[in-house]
Amino acid sequence: PDLCLRFRNMKSIMLCFATAMLTIGPSVCQPPADVKGWGKIGWGMTVQEAKAAYGSQAENSTVVPGPSFIAIDRLTIPGITIGSAKATASIQTKRESDKISSVAIQVGGETDTSAVRARNFDETKKLLIEKYGQPKTEDRKPDNGYMRSTVLWMFPSTSITLRQVESQRFDIGYVSITYEAIDKKALDVL
């Protein structure tokens, strides 16, 4: 008799736990319906607003844009940690604009080996999937002496692209993430 009572109590506890997981689980695990920027940055913020949002973390960029640059680095946020890798974010605007439209993040350092870059890519991809859900597309292909891996997430306001580029002959490459505002005016024309 005592065993039957324990079994009924255990069954009630399990049923209660299963109901809670079905009720709470989906809301906790759902990727966001939209992504409207990165970190404290919202698309359309001015460079000054971003500088105020990040305070002393944000530094003026030292990158001198070339004539073919579409996006221009305006602010840099060094010392970010993504998983076990150090990263640097570059807050960008389009030419002739003060409104932020993208953030490019360099994951790891210039002296990283291909093995470290591969680890950084895999770890970053896992973290992005945890945060944003499964990617829309994933591609890996050779291109002109390089192996290019690209993973893409799409939201109504933002595309997120994770890239790893590796030389097939030398131990050089990089891992990056780009958060980019979707140009809704251009979409209306298409």
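So, a few notes on the structure that sits alongside this text. Quick caveat, the model's predicted, so the values are computed rather than measured. (Residues numbered from 1 in each chain as written. Predicted model: local features only at pLDDT ≥ 70, side-chain atom pairs only at ≥ 80, totals over all residues. Heavy atoms only, no water.)

1. Here's the deal with the side chain of S159
Then comes step 1: Its location among the elements puts S159 in strand β9 (residues 158-167).
Then comes step 2: Residue S159 is classed as buried on the basis of its relative accessible area, which comes to 11%.
Then comes step 3: If sequence neighbours within four positions are ignored, S159 has contacts with L152, W153, M154, T178, Y179, E180 and I182. (Helix = DSSP H or I, 4+ residues; strand = E, 2+ residues; numbered from the N terminus. Buried < 20%, exposed > 50% of the residue type's maximum accessible area, 1.4 Å probe, protein only. Contact = heavy atoms within 4.5 Å.)

2. Overview of the sheet that holds strand β7 (residues 137-143)
Then comes step 1: Spatially, the eight strands line up as an open sheet ordered β3-β4-β5-β6-β10-β9-β8-β7, and their pairing is antiparallel. A single partner strand is all that each edge strand has here, and the edge strands are β3 (59-60) and β7.
Then comes step 2: Across the face of the sheet, helix α2 (residues 47-54) comes into contact with β3, β4 (71-82), β5 (85-94) and β6 (100-107) while running at roughly 15° to β4.
Then comes step 3: Relative to β9, helix α3 (residues 114-132) is tilted by about 165°, and along the sheet it contacts β4, β5, β6, β7, β8 (146-154), β9 and β10 (173-181). (Pairing = 2+ DSSP bridges. Axes fitted to C-alpha atoms, helices over the stretch in contact; angles between N-to-C directions.)

3. Regarding the nonpolar core
Then comes step 1: Ranked by size, the top nonpolar core spans 32 residues in total, and within it W38, I105, I177 and Y179 carry the most contacts.
Then comes step 2: Of all elements in the fold, only α2, β4, β5, β6, α3, β8, β9 and β10 reach the threshold of two or more residues within this core. (Core = buried A, V, L, I, M, F, W, Y, C linked by side-chain atoms within 4.5 Å.)

4. Focus on α2
Then comes step 1: Taken together, the buried positions of α2 are V47, A50 and Y54. All buried residues of α2 lie within an arc of 60° about the axis, which places them on one face of the element. Residues Q48 and A52 are exposed on α2 and point more than 90 degrees away from its buried face.
Then comes step 2: On its buried face, α2 sits against β1 (37-38), β2 (41-42), β4, β5 and β6.
Then comes step 3: Positive backbone phi, approximately 55°, marks G55, located one or two places after α2. (Arc of directions from axis to C-beta.)

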